[in-house]
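# Commentary on secondary and tertiary structure
One letter stands for each residue in the lines below.
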Amino acid sequence: MANYQHFSRYLFSFRIRHGFESTSEFLDACKVPMSDNYYRDVEAGRKLPTMDKAIELFQAMPFGESDDRYEFFWHYLKEILPEDVQKNVLMPRVDTSFERIKDSRELLEYDLRMHREAAAIARFAESHLSSDDEIAYISEAFDLMPLLHYIHMVDCASEQEIRDVCNKNDISATGEEIDRFFAAIGVQAISDNGEKRYVRSKPIFRVPRNIKGLAFKDRFTTSELIKSFEKKRAPEKFDVNATFDYSTIVAISAASQERLSDRLRDLISEISVSERQLDDPTATPFFIAILISGRHEYKPG
């Protein structure tokens, strides 16, 4: 049986985010150009419309000003394009053509600047800023943090997927405790054809830089560092089963500090721009922490 999960999850999440908890309400309001049963098969992942039908559906979708309209086709094309073509067509690409070496440097500087700006905009436009009450609740249910991480790496999650994450992280919470936890951080529990699904509102859960937020962030970072040091060490590359770490005490000149700060911002922007959801089969969760701390107390005078 066909299983078109990329497009299916996009349509389901779009419908929920726009306030239509039932498929019938959505179909009535949007005048979808296909039969009710056919659309239900499409949203369930059992069928994929032809390109002509997909365009008609796109034109009927009730996009708001903040919606990325072309995300519709990004998900649709992931169902029909070979994986090697997807990497070249669907992912952001930089035009590397140039006539002079000077042109290539200017292009690189422009691209890095765009990455910085895109990362900064994305973090605020696509983020849910947690409240003090949310931080307090999560602090009391800190062992459920893996569920918070997972739900913000997918558009929606089934009850079984949540239970799988619980099992892999030795979480023994009941269904009611999980529902309360998700409700406290703004994640909706929706019944879809008798199956419970959890839908988050924004892909980024952001913690405020106030006293409570920073204390929570310190606790989160410390707990993830402990997990990291329990894994085997890896060479200088990404390895989902291991941890790469580098630590040193070093004296750096003022000029080098400025240059390294620029490169650090570029790295952080590149990480943010490269971020993918887990519906990308090549994507894997990683914990990344960058810690640079001055040691003026190690210098006399």
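Residues numbered from 1 in each chain as written. Predicted model: local features only at pLDDT ≥ 70, side-chain atom pairs only at ≥ 80, totals over all residues. Heavy atoms only, no water.

With that settled, consider the packing of helix α8 (residues 132-140) against helix α11 (residues 175-184). In the contact formed by α8 and α11, the axes pass within 9 Å of each other and the chain directions differ by 150 degrees. Taken together, the axis directions place α8 and α11 in an arrangement best described as roughly antiparallel. When the axes of α8 and α11 are compared, the crossing they make is left-handed. Residues E134, Y137 and I138 of α8 lie in contact with α11, whose contacting residues are R180, F181 and A184. Partitioning the contact of α8 with α11 into residue classes produces four nonpolar, no polar and two charged. (Axes fitted to C-alpha atoms, helices over the stretch in contact; angles between N-to-C directions. Helix = DSSP H or I, 4+ residues; strand = E, 2+ residues; numbered from the N terminus. Parallel < 35°, antiparallel > 145°, perpendicular 65-115°, else oblique. Left-handed = near helix turned anticlockwise from the far one by under 90°. Contact = heavy atoms within 4.5 Å. Nonpolar A, V, L, I, M, F, W, Y, C, P; charged D, E, K, R; others polar.)

Here the focus is the sheet that holds strand β3 (residues 188-192). Strands sit in the order β2-β4-β3 across an open sheet of three strands; the sheet is antiparallel. Two strands close off the open sheet at either side, each with one partner strand: β2 (156-158) and β3. Between one strand and the next, the sheet's axes are offset by a mean angle of 30 degrees, whatever the strand orientation. Two elements, β3 and strand β4 (residues 195-199), share five bridges in a ladder whose sense is antiparallel. From the neighbouring strand, S191 faces β4, where its bridge partner is K196. Packed onto the sheet, helix α1 (residues 5-17) meets β2, β3 and β4 and runs at close to 115 degrees relative to β3. (Pairing = 2+ DSSP bridges.)

What follows deals with unusual backbone geometry. Even without being glycine, K31 reaches a positive phi, approximately 50 degrees. Looking at the secondary structure, you find K31 in the loop between α2 (23-30) and α3 (36-43).

Tracing the backbone shows G64 in the loop between α4 (51-60) and α5 (71-80). On the basis of relative accessibility, which here comes to 32%, the residue G64 falls in the partly exposed class. Taking the C-alpha atoms as reference points, G64 and H18, 46 residues apart in sequence, are found 8.8 Å from one another. (Buried < 20%, exposed > 50% of the residue type's maximum accessible area, 1.4 Å probe, protein only.)

Another aspect to go through is a negative patch on the surface. On the surface, a cluster of negative charge is made up of E21, E25, D28 and D36. One can find D36 in helix α3. D36 gets classed as partly exposed once you look at its relative accessible area, which sits at 41%. (Patch = residues over 30% accessible without salt bridge, like charges linked within 9 Å, V, L, I, M, F, W, Y side chains within 5 Å. Areas by Shrake-Rupley, 256 points an atom, 1.4 Å probe, with all protein chains shown as cover. Salt bridge = Lys/Arg side-chain N within 4 Å of Asp/Glu carboxyl O. Lys, Arg positive; Asp, Glu negative; His and termini not counted. Charge placed at Lys NZ, Arg CZ, Asp CG, Glu CD.)

On to the pattern of salt bridges. Within the structure shown, the criterion is met by nine salt bridges. Residue R9 is joined to E161 by a salt bridge in which the shortest nitrogen-to-oxygen separation is 2.5 Å. Residue R9 is found in helix α1, and its partner E161 is found in helix α10 (residues 159-168); the two are separated by 152 residues along the sequence. With a closest N to O distance of 2.9 Å, D245 and R233 form a salt bridge. Of the two residues, D245 is situated in the loop between β7 (242-243) and α13 (254-274) and R233 in strand β6 (residues 232-233); the sequence distance between them amounts to twelve residues. Residue D245 is classed as partly exposed on the basis of its relative accessible area, which comes to 35%. Connected through shared salt-bridge partners, D41, R46 and K47 make up one network.

Next up on the list: the packing of aromatic side chains. The full count for this structure, using the stated rule, is 16 aromatic pairs. Ring geometry for F7 versus Y76: centroids 5.4 Å apart, planes at 75 degrees, classification edge-to-face. Separated by 69 residues along the polypeptide, F7 in helix α1 and Y76 in helix α5 bring together distant segments of the chain. In terms of burial, F7 and Y76 fall into one category: buried. Measuring from ring centre to ring centre gives 6.1 Å for Y10 and F14, while their planes differ by 40 degrees; the resulting arrangement is tilted. Of the two residues, Y10 and F14 are both situated in helix α1; the distance of four residues between them amounts to about one turn of the helix. Judged by its relative accessible area of 5%, Y10 falls in the buried class. Since its relative accessible area comes to 4%, F14 is described here as buried. These aromatic residues form a ring-pair network of at least three members: F7, Y10, F14, F58, F63, F72, F73 and Y76. The ring of F12 carries the charged tip of R197 above its face, separated from the ring centre by 4.5 Å. Positioned above the aromatic ring of F142, the side-chain terminus of R219 is 4.0 Å from the ring centre. (Phe/Tyr/Trp six-rings, centres within 6.5 Å; stacked < 30°, edge-to-face > 60°. Lys NZ or Arg CZ within 6 Å of the ring centre and 35° of its normal.)

To continue, consider the nonpolar core. Counting residues in hydrophobic clusters, the biggest one holds 27 residues, and the most contacted among them are I138, L147, I162, I178, F181, F182 and I185. Elements with a minimum of two residues in this core: α8, α9 (145-151), α10, α11 and α12 (211-229). In terms of residue count, α9 provides more of this core than any other element does, five residues in total. Every residue in contact with I138, bar those within four places of it in the chain, is listed here: M145, L148, F181, I185, F205 and F216. Of all hydrophobic cores here, the second largest spans 21 residues; its members include F14, F26, L27 and L57. (Core = buried A, V, L, I, M, F, W, Y, C linked by side-chain atoms within 4.5 Å.)

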